[in-house]
Amino acid sequence: MNDLIERLDESITVYDRDARIVFLNGAASRAMRMPTEKILGRRVWDLVESPTRTPFRDAIEAVIAGGPKCTVSYRVPRLDRWFEVDIYPHPEGAIAVARDITDRQTAQERLRESEARFRAMVEFAPEAILIFDSGTGLFTDANAEAENLFGRTRDELLLIGPTEVSPARQPDGSSSAELLPAVVQGFLDTGRADLEWTVLGPRQQPIIVEAHVRRLPFTEPPQFRASIHDITKRKRAQDQLAQVQRLEAVARLAGGVAHDFNNMLTIILGATQLAIRDLDSAESPRELLLSVVDAAERASLITRQLLAFARDQKISPRVLSLSAYAERMKPMLTRIVGEDVEIELDLAQPLGGVLIDPGHVEQILLNLAANARDAMPRGGRLTIHTANIFLDTEYERLHNGVPPGRYVMLTVSDTGEGIPEAVKPHIFEPFFTTKALHRGTGLGLATVHGLVMQNRGHIWVYSEPGMGATFKVYLPQVEGASSDVEAPHDKEKDELGGTETILLVEDEDGVRQFLRRALQRGGYTVLEARNAGEALLIFEQHETPIHAMITDVIMPRMTGPELATRLRKVRPDLCIVFISGYSEDRVPEAHASGTREPIHDAFIAKPVSVDALLRGVRGVLDRKP
């Protein structure tokens, strides 16, 4: 038995009724760092030189006095060690079994210190910190900054969850209560989230916060730590900066548009006045009137740029040939670039088809031509080239991930001044222009870039100062389509006139007079109305059939769609054409009775040419049985 006791790691000591040691094993002797003969017959507190009473002394005296078994932990200063001792009653005194727990005690002390430091870090952190329990849906902890952020005490926060600190609706109008389950599910799925959210602060004032949420390890149900920063001031500053930038952009845009429109109006007004004077002379006003048409087309290009940039256009993609369009548009491009710029066409035949709105092709070519014209103030050569091309994976690697495949390439090159390297990264940015103040809108190349991207294409520019510039547009080739795809409309082959009776409703006198004259020259009988009230009266009193109505969309008191709805109830077969300076997407919804089909049969956008007007009207009349 003695041999077994000697082998134990625990220190074993036996005390008499005077608390003196009468037996100890080797582990006890080693623990007290003294030989056995110097320990026997002495009290422990005398050996360890403790001048005050210790928990061990109190415990062993209590057991010797008849008390029950007890356990006590205490530190021995001389040994700088911690011991945990089980003290058992003995007929002659007491038996103590001691274990050295210094390492365990040290670890616990370090853990307590670490917890205290962590608690201090959390408590005095500059951001609000909350612990959220996904099982209960409540907060389980909150620091002082969280109390300040929400204007609630920690005890109040621990009784609620995210729903109670969120407004009914977020700034975008979405319901906080409907969004929160999806947000929490995102935490559960990924274990983390970084989001912007609006909460309710003191006095229920909305506060914009940035929350970084992370799952706490070894928690079930999952708990999450949310670090929350108040970014309200930053967001307001960003919004103010964005507003200033928008105002600056609008100012630049307004200056550019005003300059360009003033130039166009100068040509239109001046040439028209000269043409009027020439009517009384032998000279022909033809050249002057052609300059008016040219200026009007250039002004129309500016409005199309604005609409394209605002995405305020209804598009009708179709398969067409870029070669055919470039060839048909050469006269218009010639007027855009001027007589001192030679246009050279190098068009592939046959050329694969592309799926794109014809208006987009026109805008791309017109804007690239206008850009080339500005780059050649002293004249030069503009080359338009088309080709079928296959882009491989190497091209994809070198050109920012352009998908490999078959494309139709449209290249527009000039012999102008070229583009400086510092300018190249910005040429497709909206409102960016290298022209003098208030010259140009800065929308031309931005419009081209937007239209190309909208049609799943890509555009690249190659240029060196003094060596001109080349813009290469790649549009996906439609499989199976070739040179027989649709080309631009041939105006000369159309039978545009007619003899039907048309009710024309337009509140702008000058526009109405132009439309009346154009229709009358086409052979139509025209009934004029300045507003919807006059139109209803004419429709009611006119004795012969009215075959079609052309009406402006936005008019005082009653809009065009409202007028069309009333007339269709009386004449379901009446042809209705809307005409407006707004895009068709902005037309207020009106539907034929009992259907979801639009009530109008055609839409003509202002500014409108004579041919476009006559073609639109003829097309509607021919479609009606």
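Scroll up for the structure.
It should be emphasised that the depicted structure is a prediction, and the values quoted were computed from it without experimental measurement.

**Q** Would you explain the overall build of the protein in this entry?
**A** Secondary structure assignment for the protein yields 19 helices and 22 strands. In the protein, which comprises 625 residues, the proportion classed as buried is 43%. For the protein, the share of sequence-separated contacts (at least 6 apart) that also reach a separation of at least 24 residues comes to 59%. Counting only carbon and sulfur atoms, one obtains 53% of the accessible surface of the protein, whose full area is about 34,300 Å².

**Q** Sorry if this is basic, but what is going on with the sheet that holds strand S1 (residues 11–16) here?
**A** Sheets are built from strands that pair by backbone hydrogen bonding, the pairs being arranged parallel or antiparallel. Taken in spatial order, the 5 strands make up an open sheet running S2-S1-S5-S4-S3, and their pairing is antiparallel. The sheet is open, and its two edges are formed by strand S2 (21–24) and strand S3 (70–76), each paired on a single side. Along the sheet, successive strands turn relative to each other by an average axial angle of 25°, direction set aside. In the sheet, S3 pairs with strand S4 (residues 81–90) via 7 bridges, with the strands oriented antiparallel. Looking across to S4, one finds that Tyr74 is bridged to Phe83.

**Q** Even after reading the chapter, I still don't get the side chain of Asp141, so can you show me in this structure?
**A** Looking at the secondary structure, you find Asp141 in strand S7 (residues 138–142). A residue is classified by how much of its surface remains accessible, and Asp141, at 17% relative accessible area, is buried. A polar contact is formed between the side chain of Asp141 and the side chain of Arg154, at a distance of 2.8 Å. The contacts of Asp141, once residues within four sequence positions are left out, are Arg119, Ile129, Leu130, Ile131, Arg154 and Leu158.

**Q** Explain the packing of helix H13 (residues 358–375) against helix H15 (residues 444–454) to me, please; I cannot follow it from the model alone.
**A** Relative placement of two packed helices is described by the angle separating their axes and the distance separating the axes. In the contact formed by H13 and H15, the axes pass within 9 Å of each other and the chain directions differ by 150°. As H13 runs across H15, the sense of the crossing is left-handed. Touching His360, Gln363, Ile364, Asn367, Leu368 and Asn371 of H13 are Gly444, Leu445, Thr447, Val448, Leu451, Val452 and Gln454, all from H15.

**Q** Teacher, can you tell me more about the packing of aromatic side chains here?
**A** Aromatic ring pairs are reported here in terms of the distance separating the ring centres and the angle at which the planes meet. Counted under the stated rule, the structure contains 6 aromatic pairs. Look at Tyr74 and Phe83: their rings are 6.4 Å apart centre to centre, the planes differ by 40°, and that puts the pair in the tilted class. Each member of the pair, Tyr74 together with Phe83, is buried. What links up through ring pairs into an aromatic cluster is the set Tyr15, Phe56, Tyr74 and Phe83. One residue, Lys472, lies across the ring of Tyr462, its end atom 5.3 Å from the ring centre.

**Q** Whenever I open this one, H13 confuses me. Can you help?
**A** Because an α-helix packs 3.6 residues into every turn, residues spaced three or four apart end up facing the same way. The first and last C-alpha atoms of H13 sit 26 Å apart over 18 residues, in line with the 26 Å expected at 1.5 Å per residue. In terms of burial, H13 is a largely internal element, 13 of the 18 residues being buried.

**Q** Looking at this structure, how should I read the environment of Pro202?
**A** With respect to the helices and strands, the residue Pro202 is situated in the loop between strand S8 (192–200) and strand S9 (206–215). With relative accessibility at 27%, the residue Pro202 sits in the partly exposed group. Through-space distance from the C-alpha of Pro202 to that of Asn148 is 8.0 Å; in sequence the pair is 54 residues apart. Those residues in contact with Pro202 that sit more than four places away from it in its chain are Asn148, Leu149, Phe150, Gly151 and Ile207.

**Q** Just checking my understanding: could you explain the environment of Gln454 for this structure?
**A** Assignment of secondary structure puts Gln454 in helix H15. Given a relative accessible area of 36%, Gln454 falls into the partly exposed group. Gln454 sits 98 residues away from Ile356 along the chain, and the two C-alpha atoms are 9.4 Å apart.

**Q** Is there a simple way to think about the pattern of salt bridges in this case?
**A** Oppositely charged side chains may form a pair once their charged atoms are brought near each other. Counting across every chain of the model gives 26 salt bridges. Measuring nitrogen to oxygen at the nearest pair gives 3.3 Å for the salt bridge that ties Arg215 to Glu220. Using a relative accessible area of 68% as the deciding quantity, one classes Glu220 as exposed. Across the salt bridge formed by Glu344 and Arg381, the nearest N and O atoms sit 3.9 Å from each other. A residue pair is termed long-range when its members are at least 10 positions apart, and Glu344 in strand S12 (residues 341–346) and Arg381 in strand S14 (residues 380–391) qualify at 37 residues. A residue is classified by how much of its surface remains accessible, and Glu344, at 35% relative accessible area, is partly exposed. One connected set of salt bridges, linked through shared partners, spans Glu84, Asp86, Arg99 and Arg104.

**Q** Help me understand the nonpolar core, please; the structure alone is not making it clear to me.
**A** When a protein is soluble and globular, its nonpolar side chains tend to lie buried together. Formed by 42 residues in total, the largest nonpolar core has its most connected members in Leu322, Leu365, Leu382 and Phe471. Residue contributions to this core peak at 8 residues, all from H13. Residues contacting Phe471, with those up to four places away along its chain left out, are Leu368, Asn371, Leu410, Thr411, Val412, Ile419, Ile427, Phe428, Leu445, Ile459, Trp460 and Val461.

**Q** Quick question: what am I supposed to make of empty space enclosed by the protein here?
**A** Once rolled over the atoms, a probe with the size of a water molecule shows which space is left empty. Taken as a whole and judged by the stated rule, the model has 4 cavities of 30 Å³ or more. Roughly 300 Å³ of internal volume is contained in the largest cavity. Lining the largest cavity are 21 residues, and of these Pro162, Phe187, Ala211, Ala226 and Ile228 lie nearest its centre. For the lining of the largest cavity, the secondary structure elements donating two or more residues are strand S6 (128–133), helix H8 (176–190), S8, S9 and strand S10 (223–230). Considering each element in turn, the lining of the largest cavity owes the most residues, 4 residues, to H8.

**Q** Can you walk me through H15 in this structure?
**A** Burial within H15 is extensive, with 8 of its 11 residues counted as buried. Buried residues of H15: Gly444, Leu445, Ala446, Thr447, Val448, Gly450, Leu451 and Val452, and no others. Arg456 sits one or two residues past H15 and shows a positive phi near 60°.

**Q** When you look at the side chain of His458 in this model, what are you seeing that I'm missing?
**A** Examined against the element boundaries, His458 turns out to sit in strand S16 (residues 458–463). The class for His458 is buried, based on a relative accessible area of 19%.

Parameters and conventions
- Residues numbered from 1 in each chain as written.
- Predicted model: local features only at pLDDT ≥ 70, side-chain atom pairs only at ≥ 80, totals over all residues.
- Heavy atoms only, no water.
- Helix = DSSP H or I, 4+ residues; strand = E, 2+ residues; numbered from the N terminus.
- Buried < 20%, exposed > 50% of the residue type's maximum accessible area, 1.4 Å probe, protein only.
- Contact = heavy atoms within 4.5 Å.
- Areas by Shrake-Rupley, 256 points an atom, 1.4 Å probe, with all protein chains shown as cover.
- Pairing = 2+ DSSP bridges.
- Axes fitted to C-alpha atoms, helices over the stretch in contact; angles between N-to-C directions.
- Polar contact = N/O pair within 3.5 Å; in protein donor to acceptor, adjacent residues only side chain to side chain.
- Left-handed = near helix turned anticlockwise from the far one by under 90°.
- Phe/Tyr/Trp six-rings, centres within 6.5 Å; stacked < 30°, edge-to-face > 60°.
- Lys NZ or Arg CZ within 6 Å of the ring centre and 35° of its normal.
- Expected span 1.5 Å × (residues − 1).
- Salt bridge = Lys/Arg side-chain N within 4 Å of Asp/Glu carboxyl O.
- Core = buried A, V, L, I, M, F, W, Y, C linked by side-chain atoms within 4.5 Å.
- 1 Å grid on protein atoms, 1.4 Å probe; cavity = no way out; pocket = protein on both sides within 12 Å on 5 of 7 lines; lining within 4 Å.
- Points joined across faces, edges and corners; volume = space filled by probe spheres on them.

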